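Examination of the molecular architecture
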Amino acid sequence: MKNNNCQQSAQIAASSQKITRRRFVQSTAATMAIAGAAAPLALAIDPVKRTGQPKFKFSLAAYSYRSLLSGDKPQMSMHDFISDCAKFGLEGTELTSYYFPKDVTPAYLASLKKHCFTLGLDVSGTAVGNDFGHGADDPKRATQIQHVKTWVDHAAAMSAPVIRIFAGHHKQGRDEVVSHKLMVSAIEECCDYAGSKGVFLALENHGGPTATAKGLLQFINDVQSPWFTVNLDTGNFASDNCYDEIEQIAPYAMNVQVKVVTRNSARESQPADFNRLAKILKDAAYRGYIVLEYEEKQDPRTQSPIYIEKLKAAFLG
């Protein structure tokens with residue numbers, strides 16, 4: 001297993017040797033570290049370049065309606081969900097891939113795009129479930145990469161500018177450095193394809209290697225693509241200092257999903273401080289969508305509009 005890991009590491013490293021500002025600063029940071037000087041990871045990362053004052057638009061993730069959109073006999077269709085987004089006075093709708101038909105046709109995508117445009121909504125983005133932690137020779141890796149590329153095509157057809165993706169999971173028995181490089185190279189391959197379609201891929205802080213701001217910053221630092229960005233989920237840092245971690249990531253986010261609770265290191269929940277989140281994103285000069293992702297047990301059709309108004313009061317007030 002060790003020899004295979006070394007071979008995989010060498011192959012991936014050889015395929016991604018690019019001389020960039022980030023890699024130059026990384027080498028400088030390494031030299032500083034040897035010399036005993038502090039070299040914060042953030043020095044190697046360029047935040048999103050923004051122009052103008054902070055600007056917020058609002059959307060709702062279809063994942064909020066998971067109990068209504070899933071199952072053998074869903075209670076609602078994706079078209080119904082889009083109609084609710086319009087009723088709630090939103091500018092956008094996030095169409096999570098999990099609730100699309102098994103066989104997605106061009107006609108179905110066109111019908112969603114037509115419905116959104118008719119109701120005055122953007123498709124603010126979509127989201128996929130993927131795992132890029134499989135080995136270089138594992139057929140599952142190619143399947144996962146193709147899955148993301150397929151959804152790039154779907155996103156482009158709907159004029160969705162961004163897809164939320166995951167890094168994946170470290171596999172048992174594999175060195176975590178090798179695992180990280182596997183994930184980075186898969187993200188870069190998918191970003192190359194996404195860029196050809198004008199679609200961003202946004203990595204979410206979603207447990208595993210991206211469970212902390214430090215872990216997510218490693219991907220921000222290492223993935224080399226102008227079509228790579230971050231989907232900041234405000235409820236996914238299970239930390240006693242979750243707002244500090246959110247503040248570290250905010251400058252790199254091009255999509256933000258807001259949950260109505262945060263969780264501490266013991267995974268105990270407390271109501272999210274929308275005013276504090278708004279200040280963090282204003283200070284980062286964020287311009288883009290604030291997407292409500294409602295995950296609590298109450299009826300999302302009654303609770304979502306309540307929280308949307310609370311978000312608007314905090315972010316626009």
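Anything mentioned here points back to the structure above.
Throughout what follows, the structure given in this document is the object of discussion. (Residues numbered from 1 in each chain as written. Predicted model: local features only at pLDDT ≥ 70, side-chain atom pairs only at ≥ 80, totals over all residues. Heavy atoms only, no water.)

1. Points about the environment of threonine 229
Convention followed: Put simply, DSSP H or I for four residues or longer makes a helix, DSSP E for two residues or longer makes a strand, and each gets a number counted from the N terminus. Contacts described as polar in this section are N or O atom pairs within 3.5 Å, which, within protein, must combine one atom able to donate a hydrogen with one able to accept it, while residues neighboring in sequence count only if both atoms come from side chains.
Inspection of the secondary structure assignment puts threonine 229 in strand 6 (residues 228–233). Within the local environment of threonine 229, its side chain forms a polar contact with the backbone oxygen of tyrosine 252, the two atoms lying 3.4 Å apart.

2. Re the pattern of salt bridges
Just so we agree on the cut-off: Any Lys or Arg side-chain nitrogen found within 4 Å of a carboxyl oxygen on Asp or Glu counts as a salt bridge. The buried label applies to any residue whose accessible area, calculated with a 1.4 Å probe on protein chains only, is under 20% of its type's maximum; exposed applies above 50%, and partly exposed to all values in between.
Scanning all chains against the criterion turns up 9 salt bridges. For the salt bridge of lysine 149 with glutamate 189, the shortest nitrogen-to-oxygen distance reads 2.9 Å. With a gap of 40 residues between them, lysine 149 in helix 6 (residues 139–157) and glutamate 189 in helix 7 (residues 176–196) connect regions that are remote in the sequence. When its relative accessible area of 37% is taken as the criterion, glutamate 189 is described as partly exposed. One salt bridge connects aspartate 283 with lysine 279, and the closest N-O pair in it is separated by 2.8 Å. Taken as a pair, aspartate 283 and lysine 279 lie in helix 10 (residues 274–283) at a separation of 4 residues, close to a single helical turn. Each of Asp233, Lys259, Glu293 and Glu295 takes part in salt bridges that share partners, so that together they form one network.

3. A few points about the sheet that holds strand 5 (residues 200–204)
Stated formally: Two strands pair under a simple rule: DSSP has to find at least two bridges between them. Orientation is described by lines fitted to C-alpha atoms, with helices fitted over the stretch in contact, and by angles between N-to-C directions that extend from 0 to 180 degrees. Residues count as neighbours in contact if any of their non-hydrogen atoms are within 4.5 Å of one another.
Spatially, 1-10-7-6-5-4-3-2 is the arrangement adopted by the 8 strands of the open sheet, whose pairing is parallel. Of all the strands in the sheet, just strand 1 (55–60) and strand 2 (92–96) have a single pairing partner and so form its edges. Along the sheet, successive strands turn relative to each other by an average axial angle of 30 degrees, direction set aside. With respect to the sheet, helix 8 (residues 213–222) is in contact with strand 5 and strand 6, its orientation differing from that of strand 6 by roughly 165 degrees.

4. Thoughts on the pairing of strand 6
To keep it simple, the criterion reads: Orient the strands so they point away from the viewer; a crossover is then right-handed if the path from the first strand over the helix to the second runs clockwise.
Of all 6 residues in strand 6, 6 are buried; the element is thus mostly enclosed. Along strand 6, one buried face is formed by Phe228, Val230 and Leu232 and the opposite face, lined by Thr229, Asn231 and Asp233, is buried too. Judged from the 4 bridges that link them, strand 5 and strand 6 form a sheet pairing that is parallel. Directly across from alanine 202, in strand 6, lies its bridge partner threonine 229. Handedness of the strand 5-helix 8-strand 6 crossover: right-handed. Relative to strand 7 (residues 253–258), strand 6 is paired through 4 bridges, and the arrangement is parallel.

5. A few points about the packing of helix 7 against helix 8
We count it as follows: Any angle that is under 35 degrees is reported as roughly parallel, and any over 145 degrees as roughly antiparallel; angles of 65 to 115 degrees are reported as roughly perpendicular and all others as oblique. In this scheme the crossing of two helices becomes right-handed for a clockwise turn of the near helix relative to the far one and left-handed for an anticlockwise turn of less than a right angle. Residues are grouped as follows: nonpolar covers Ala, Val, Leu, Ile, Met, Phe, Trp, Tyr, Cys and Pro; charged covers Asp, Glu, Lys and Arg; every other residue, Gly included, is treated as polar.
Where helix 7 meets helix 8, the axes come as close as 10 Å, and the angle between the chain directions of the two elements is 50 degrees. With respect to their mutual orientation, helix 7 and helix 8 come out oblique. For the pair helix 7 and helix 8, the crossing hand works out as right-handed. In contact with His180, Met183, Val184, Ile187 and Glu188 of helix 7, helix 8 contributes Gln218, Phe219 and Asp222. For the contact of helix 7 with helix 8, a count of residues per class yields 4 nonpolar, 2 polar and 2 charged.

6. Some thoughts on the packing of aromatic side chains
Put simply, the rule is: A pair of aromatic rings is counted whenever rings of Phe, Tyr or Trp (Trp by its six-membered ring) have centres within 6.5 Å, and the orientation is called stacked for planes under 30 degrees apart, edge-to-face for over 60 and tilted otherwise.
Applying the stated rule across the entire model yields 11 aromatic pairs. Relative to phenylalanine 315, the ring of phenylalanine 56 has its centre 5.0 Å away and its plane inclined at 80 degrees; by these criteria the two rings are edge-to-face. Note that phenylalanine 56 is positioned in strand 1 and phenylalanine 315 in helix 11 (residues 300–316), a separation of 259 residues in sequence. Between phenylalanine 274 and tyrosine 307, the aromatic rings sit 6.4 Å apart at their centres with planes inclined by 80 degrees, giving edge-to-face as the arrangement.

Any functional reading would require information beyond the geometric quantities listed.
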